[in-house]
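Understanding the architecture of this molecule
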Amino acid sequence: MEIISSQEDLSKVMERSKTDINDVIGTVQDIINNVKLKKNQALKEYTKKFDKVELNDFKVNHEEIKEAYENLDEKLINSLKLAIENIGQFHKLQIPKEWKVELKNGIEAGQIIRPINSVGCYIPGGRAVYPSTIIMTVVPAKIAGVERIVCCSPPQKNGKIADAILVAADLAGSDEIYKIGGSQAIAALAYGTETIKKVEKIVGPGNIFVTAAKKLVYGDTDIDFPAGPSEVLIIADRTANPNFIAHDILSQSEHDPNASCVLVTDDEDIAFKTKKEVELLCQKAERKDVINQSLKNHGKIILTKEIKESIEISNNYAPEHLIIITKDDEDVLKKIKNAGSIFLGNYSPVAAGDYGSGTNHVLPTAGGAAVYSGLSTESFLKKPTVQKITKEGLESLKDIIIPIAEYEGFYAHSNSVKSRLNDLNSNE
Ligand SMILES: NC(=O)c1ccc[n+]([C@@H]2O[C@H](COP(=O)([O-])OP(=O)(O)OC[C@H]3O[C@@H](n4cnc5c(N)ncnc54)[C@H](O)[C@@H]3O)[C@@H](O)[C@H]2O)c1
Ligand SMILES: N[C@H](CO)Cc1c[nH]c[nH+]1
Ligand SMILES: [Zn+2]
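None of these values were measured; they are calculated from a predicted model.

**Overview of the site of ligand 2**
- The environment of ligand 2 is formed by Tyr-130, Ser-132, Thr-133, Ser-230, Gln-252, Glu-320, Asp-354 and His-361.
- Among the residues forming the shell around ligand 2, the class breakdown is one nonpolar, five polar and two charged.
- Taken domain by domain, the makeup of the shell around ligand 2 includes at least three residues from each of domain 1 (2–17 + 229–358) and domain 2 (21–223).

This is the structure in structure tokens:
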């Protein structure tokens, strides 16, 4: 990892993988157009091309789910159950309240909560399998009360979806699972095919092809937000442990060659020690190729003059995951404006949020944290407003509604009030 001073041009660091999406947008649009046109036939062709398997039937059946349970280690099933429990506990607390108040005499207003009817959860499956992502998407959808929860994930070389994904989907309460990945899965969920009925909203993470596809179908269907290649930014001072930081850097870089990992520190010693630790860990890492590519392209250590500057850089970067390891992490937290999910202190690795402390791991990337929050129970809910007004209440509103409506030239609006107050002829 290169160490650069905060005085240098940081635009390349800020950019991370954004440009890569633009590189694939043409290819992805072609895939979407083809799926719209040729439906299942296009899915078959792309599955053969990208996942290297020939499938005639994309839907996972009960027999396959039963087999997955039989194949899976009891210990792993138990871990999935524990994760579902913690994630369920956290996400139940995110259910917004229904409420109503009397705003003025005779004017009662409030909000009610209703679930989205159908959602598609994209579960990545290219470079790794993600049973954890099934839990992160299906559990909040279920808690929100979504009626039809559809999951799509790329098939493995044997034409199946990994056992742990099927078991996690079943335990979490998914209704349908399809063996389709990449942009073609997003297109199928957005526009429907002979086999898959279209959904109202698509959520879940994926590589640049998946993220580009979600951006392109947005408008025809709703999406959560761009949740692309993983990122971590660490704000550290001299109290941080360079070995822990290095492990966190590797843990996000191992997802994807496009993953981005940035350490921002005001301590030169921490910068050099972390660089060394990363180099040592890389040598014996399992997913060496991916990690090396990711760190070469998007791995940086930025040396700042003071913590204030580290915070400013982090706020501009708006990372997916932010780790704060400083003498007073709560004080730094107060100054954080943009981050998907925040981890405080030496003992809060991103892996805790990735798998089962309770928070969601589907988070905005590429600067999206400046405007989006991560996936939550609210992502699957709508909040219609409701009002009930008495004749007296309406009387008290007439001096607001009538003049403004008539200024806008909307006399039917104005008359809808006047007629109720037996005032229709007053201006005529
Ligand atoms: N931000 C988040 O919340 C979050 C959470 C988990 C994972 N992730 C990210 O999800 C991603 C998972 O990526 P992955 O690749 O392992 O799985 P994936 O399922 O996202 O992508 C695999 C699919 O990509 C398509 N594809 C591959 N090469 C292609 C090409 N040349 N042209 C068109 N399509 C192509 C194929 O259809 C393949 O099935 C990683 O980037 C990881 O960092 C993000
Ligand atoms: N770190 C990923 C989000 O960027 C989530 C994940 C799933 N499995 C492991 N990690
Ligand atoms: Zn991760």
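**Let's talk about the domain arrangement of the protein chain**
- The domain architecture assigned to the protein chain consists of domain 1 (2–17 + 229–358), domain 2 (21–223) and domain 3 (390–418).
- Centre-to-centre, using C-alpha coordinates, domain 2 lies 46 Å away from domain 3.
- Across the boundary between the two partners, domain 2 contributes four residues, which contact four residues of domain 3.
- Its residues placed into classes, the side of domain 2 that touches domain 3 shows one nonpolar, two polar and one charged.

**Concerning the site of ligand 1**
- Near ligand 1 you find 30 residues, and of these Gly-126, Gly-181, Gly-182, Pro-205 and Gly-206 are the closest.
- Those elements giving two or more residues to the shell around ligand 1 turn out to be helix 3 (40–51), helix 8 (182–191) and helix 9 (208–217).
- The residue makeup of the shell around ligand 1 includes at least three contributed by each of domain 1 (2–17 + 229–358) and domain 2 (21–223).

**Brief notes about helix 5 (residues 74–92)**
- Here helix 5 contains 19 residues, and its C-alpha end-to-end distance of 27 Å stays within 8% of the 27 Å for a straight helix at 1.5 Å per residue.
- Taken together, the buried positions of helix 5 are occupied by Leu-80, Ala-83, Ile-84, Ile-87 and His-91. With its buried residues spanning 105° around the axis, helix 5 presents them on a single face. Seen from the open side of helix 5, the exposed residues pointing more than 90 degrees away from its buried face are Glu-74, Lys-75, Asn-78, Leu-82, Gln-89 and Lys-92.
- Contacts from the buried residues of helix 5 go to helix 6 (131–144), helix 7 (163–172) and helix 15 (350–355).

**Re the sheet that holds strand 9 (residues 222–223)**
- The five strands are arranged 7-6-5-8-9 in an open sheet whose pairing can be described as parallel. Only two strands of the sheet have a single partner each, and these edge strands are strand 7 (176–178) and strand 9.
- As paired strands, strand 5 (residues 118–122) and strand 6 (residues 148–152) are joined by five bridges and run parallel to one another. For Gly-120, the partnering residue across the bridge sits in strand 6 and is Val-150.

**Regarding the UniProt feature "binding site: NAD(+)" (unreviewed entry) in the protein chain**
- UniProt records the feature "binding site: NAD(+)" (unreviewed entry) at Tyr-122, Gln-184 and Asn-207, using the numbering of this structure. Annotated residues spanning 86 residues; largest pairwise C-alpha distance 12.8 Å, indicating a single compact cluster.
- Relative to the helices and strands, Gln-184 is located in helix 8.
- Among the residues examined, Gln-184 registers 29 C-beta atoms within 10 Å and is labelled buried.
- When near neighbours in sequence (up to four residues on either side) are disregarded, Asn-207 contacts Pro-124, Gly-126, Gly-228, Pro-229 and Asp-256.

**So, the pairing of strand 3 (residues 107–111)**
- As paired strands, strand 2 (residues 99–104) and strand 3 are joined by five bridges and run antiparallel to one another. For Val-101, the partnering residue across the bridge sits in strand 3 and is Ala-109.
- Between strand 2 and strand 3, which pair antiparallel one after the other, the connecting turn spans two residues, and Gly-106 there sits at a positive phi close to 80°.
- As paired elements, strand 3 and strand 16 (residues 385–389) share five bridges and run antiparallel to each other. Across the sheet, residue Glu-108 finds its bridge partner in strand 16, namely Lys-388.

**A look at the pairing of strand 5**
- When you tally the buried positions in strand 5, you get five out of five residues, the bulk of the element.
- In strand 5, alternate side chains face the same way, and those of Ser-118, Gly-120 and Tyr-122 on one face and Val-119 and Cys-121 on the other are all buried.
- Once the chain exits strand 5 it traverses helix 6 before rejoining the sheet at strand 6, and the crossover so formed is right-handed.

**Side note on the UniProt feature "active site" (unreviewed entry) in the protein chain**
- As recorded in UniProt, the sites labelled "active site" (unreviewed entry) are Glu-320 and His-321.
- Mapped onto the secondary structure, Glu-320 falls in the loop between helix 13 (307–317) and strand 13 (321–325).
- Those residues in contact with Glu-320, other than ones at most four positions away along the chain, are Ser-230, Glu-231, Gly-340, Leu-363, Pro-364, Thr-365 and Ala-369.
- Turning to its location among the elements, His-321 is positioned in strand 13.
- With near-sequence residues (within four places) excluded, His-321 lies in contact with Glu-231, Val-232, Gln-252, Gly-340, Ser-341, Phe-343, Val-350 and Leu-363.

Conventions we followed
Residues numbered from 1 in each chain as written. Chains lettered and ligands numbered in written order. Predicted model: local features only at pLDDT ≥ 70, side-chain atom pairs only at ≥ 80, totals over all residues. Near = placed C-beta within 6 Å. Nonpolar A, V, L, I, M, F, W, Y, C, P; charged D, E, K, R; others polar. Domains from an automatic or database assignment. Contact = placed C-beta atoms within 7 Å. Helix = DSSP H or I, 4+ residues; strand = E, 2+ residues; numbered from the N terminus. Expected span 1.5 Å × (residues − 1). Buried ≥ 20, exposed ≤ 12 C-beta atoms within 10 Å, placed from the backbone. Arc of directions from axis to C-beta. Pairing = 2+ DSSP bridges. UniProt positions renumbered as here; feature names shortened; annotations may be inferred. Right-handed = clockwise from strand over helix to strand, strands pointing away.

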